[in-house]
Amino acid sequence: MSSTSLRRRTTEEAFALFRAVEEKFPTATLGDDKWYLVTLSSLVGVDQEHVGTLYTYLINKPEFSKPEARQALIRRIREALVKNISIQGVVKPINALISIVKVERDEDKDHSFSREGWQTGPENLERGNAWLSCIYKGNLDDTVAYFKDHKDFEFISREITYGLYLSDHTILDATSTELVVLSGIIIQRQGLNIAWHLRGTRRIGVSQEDCETIQQCASTSFVELVADFAGVDISGTPRAADVEDQI
């Protein structure tokens, strides 16, 4: 069912969703600063307006009671949205950002510019290739082979998607980055790419159990919680166990 055919979800319903994800997320092994990135990336795909609701939910938590903490939070959220440009296109992350701007207070704003001074070149390409190799390992050549007659896509993948966006771990670390990517792909039901990034998430050290817990908990995955919230069917997509023999 399309999300456009459903009634608008309320703030109270959104808060209930956030509590459910927060309670089920494997914080013992992955930390308590990643559940909202998975939620954010999923919402970007299906309900950008409630990204602002997520921000409101977070800043009302005790750990984000001070402006300095909220500035650090928005840096992480903004970086997740920037990375989502390479996963879900530019329009949805922009609309998600606007939903935050509408409720953001002046004293909580962070004015840093993470990509200031960025330029393509050997250093950027090396960093992009290094992260590509971490995610794809021995499958990289076969994956890039899809682009042998379409060089624009190889250039964009190496220099932009990975060089500019995904290999930059100055704000979000490697695990956070890959969880942002994985959840942003799952919400779009892109089966081949889901398998690639389930495999990649395992390869950077996230356990099979945690991969599956992220995707499935009490018979409902975190991304599926968001999908159900928005009325989007993502059943039938690959699971962590499906790629375990490829790690």
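Calculation notes
Residues numbered from 1 in each chain as written. Predicted model: local features only at pLDDT ≥ 70, side-chain atom pairs only at ≥ 80, totals over all residues. Heavy atoms only, no water. Helix = DSSP H or I, 4+ residues; strand = E, 2+ residues; numbered from the N terminus. Buried < 20%, exposed > 50% of the residue type's maximum accessible area, 1.4 Å probe, protein only. Polar contact = N/O pair within 3.5 Å; in protein donor to acceptor, adjacent residues only side chain to side chain. pLDDT = per-residue confidence, 0-100. Contact = heavy atoms within 4.5 Å. Phe/Tyr/Trp six-rings, centres within 6.5 Å; stacked < 30°, edge-to-face > 60°. 1 Å grid on protein atoms, 1.4 Å probe; cavity = no way out; pocket = protein on both sides within 12 Å on 5 of 7 lines; lining within 4 Å. Points joined across faces, edges and corners; volume = space filled by probe spheres on them. Nonpolar A, V, L, I, M, F, W, Y, C, P; charged D, E, K, R; others polar. Core = buried A, V, L, I, M, F, W, Y, C linked by side-chain atoms within 4.5 Å. Salt bridge = Lys/Arg side-chain N within 4 Å of Asp/Glu carboxyl O. Expected span 1.5 Å × (residues − 1). Axes fitted to C-alpha atoms, helices over the stretch in contact; angles between N-to-C directions. Parallel < 35°, antiparallel > 145°, perpendicular 65-115°, else oblique. Arc of directions from axis to C-beta.

### Some words on unusual backbone geometry
So, step 1. Its identity as a non-glycine residue notwithstanding, K137 has a phi of 45°, on the positive side.
So, step 2. Here K137 lies in the loop between α7 (122–136) and α8 (140–144).
So, step 3. On the basis of relative accessibility, which here comes to 45%, the residue K137 falls in the partly exposed class.

### Notes on the side chain of S183
So, step 1. Within the fold, S183 resides in helix α10 (residues 174–186).
So, step 2. From its side chain, S183 meets the backbone oxygen of V180 in a polar contact 3.3 Å long.

### Considering the confidence of the model for the chain
Caution applies to low-pLDDT parts of the model: their predicted coordinates are not meant to be read in detail.
So, step 1. For the chain, the average pLDDT comes to 89, and 89% of its residues sit at 70 or higher.
So, step 2. Long-range and interchain partners of residues 217–221, a stretch whose pLDDT sits below 50, account for 10 contacts in this model, where long-range means more than four residues apart.

### Looking at the packing of aromatic side chains
So, step 1. Taken as a whole and assessed by the stated rule, the structure comprises 8 aromatic pairs.
So, step 2. Taken together through their ring pairs, the aromatic side chains of F15, F18, W35, Y36 and Y57 make up a single cluster.

### Some details on the layout of surface pockets
So, step 1. Put simply, the largest pocket is a space of about 510 Å³.
So, step 2. Residue lining of the largest pocket: 23 residues in total, with Y136, S157, T161, N193 and W196 positioned closest to the centre.
So, step 3. Of all the secondary structure elements, the ones that give two or more residues to the lining of the largest pocket are α5 (67–88), α7, α8, α9 (151–166) and α11 (191–203).
So, step 4. Among the elements that line the lining of the largest pocket, the one with the most residues is α9, at 8 residues.
So, step 5. Class assignment of the residues belonging to the lining of the largest pocket gives a composition of 13 nonpolar, 8 polar and 2 charged.
So, step 6. Here the second largest pocket defines a volume of roughly 190 Å³.
So, step 7. R115, G117, W118, Q119, T120, G121, P122, E123, N124, R127, L164 and D168 are the residues that line the second largest pocket.
So, step 8. Among the elements that make up the lining of the second largest pocket, the one with the highest residue count is α7 (4 residues).
So, step 9. Partitioned by chemical class, the residues of the lining of the second largest pocket number 3 nonpolar, 5 polar and 4 charged.

### Regarding the nonpolar core
So, step 1. Core analysis: the biggest nonpolar cluster contains 55 residues, and W35, L58 and I77 have the highest contact counts within it.
So, step 2. Those residues in contact with I77, other than ones at most four positions away along the chain, are Y36, L40, Y55, L58 and I100.

### Quick look at the environment of E154
So, step 1. Along the polypeptide, E154 turns up in helix α9.
So, step 2. Every residue in contact with E154, bar those within four places of it in the chain, is listed here: V144 and F147.

### A look at the pattern of salt bridges
So, step 1. Considering all chains together, one arrives at 17 salt bridges under this definition.
So, step 2. Linked through salt bridges whose partners overlap, the residues forming this network are R70, R105, E107 and D108.

### Points about α10
So, step 1. Along its 13 residues, α10 runs 18 Å from first to last C-alpha, staying within 8% of the 18 Å computed at 1.5 Å per residue.
So, step 2. The buried fraction of α10 is high, at 12 of 13 residues.
So, step 3. Every buried residue belonging to α10 is among T175, S176, T177, E178, L179, V180, V181, L182, S183, G184, I185 and I186, and all of these are buried.
So, step 4. Here α10 starts with a cap whose side-chain oxygen sits 3.3 Å from the backbone nitrogen of T175, and that cap is D173.

### Re the packing of α7 against α9
So, step 1. Between α7 and α9, the least distance of the axes is 8 Å, while the angle of their chain directions is 90°. Our classification of the angle between α7 and α9 gives roughly perpendicular. Residues N124, L125, R127, G128, N129, W131, L132, I135 and Y136 of α7 pack against R158, E159, Y162, G163, L164 and L166 of α9.
So, step 2. Residue classes in the contact of α7 with α9 are distributed as 8 nonpolar, 4 polar and 3 charged.

### Structural notes on α7
The α-helix winds at 3.6 residues per turn, so residues separated by three or four positions along the chain end up facing the same way.
So, step 1. Relative to the 21 Å expected for 15 residues at 1.5 Å per residue, α7 spans 21 Å between its end C-alpha atoms, a close match to the ideal helical length.
So, step 2. For α7, the complete set of buried residues consists of N124, G128, W131, L132, I135 and Y136. Looking straight down α7, one finds its buried side chains confined to an arc of 120°; they lie on one side. Those residues of α7 that are exposed and angled more than 90 degrees off the buried face are P122, E123 and E126.
So, step 3. Among the residues trailing α7, K137 stands out with phi positive, at a value near 45°.

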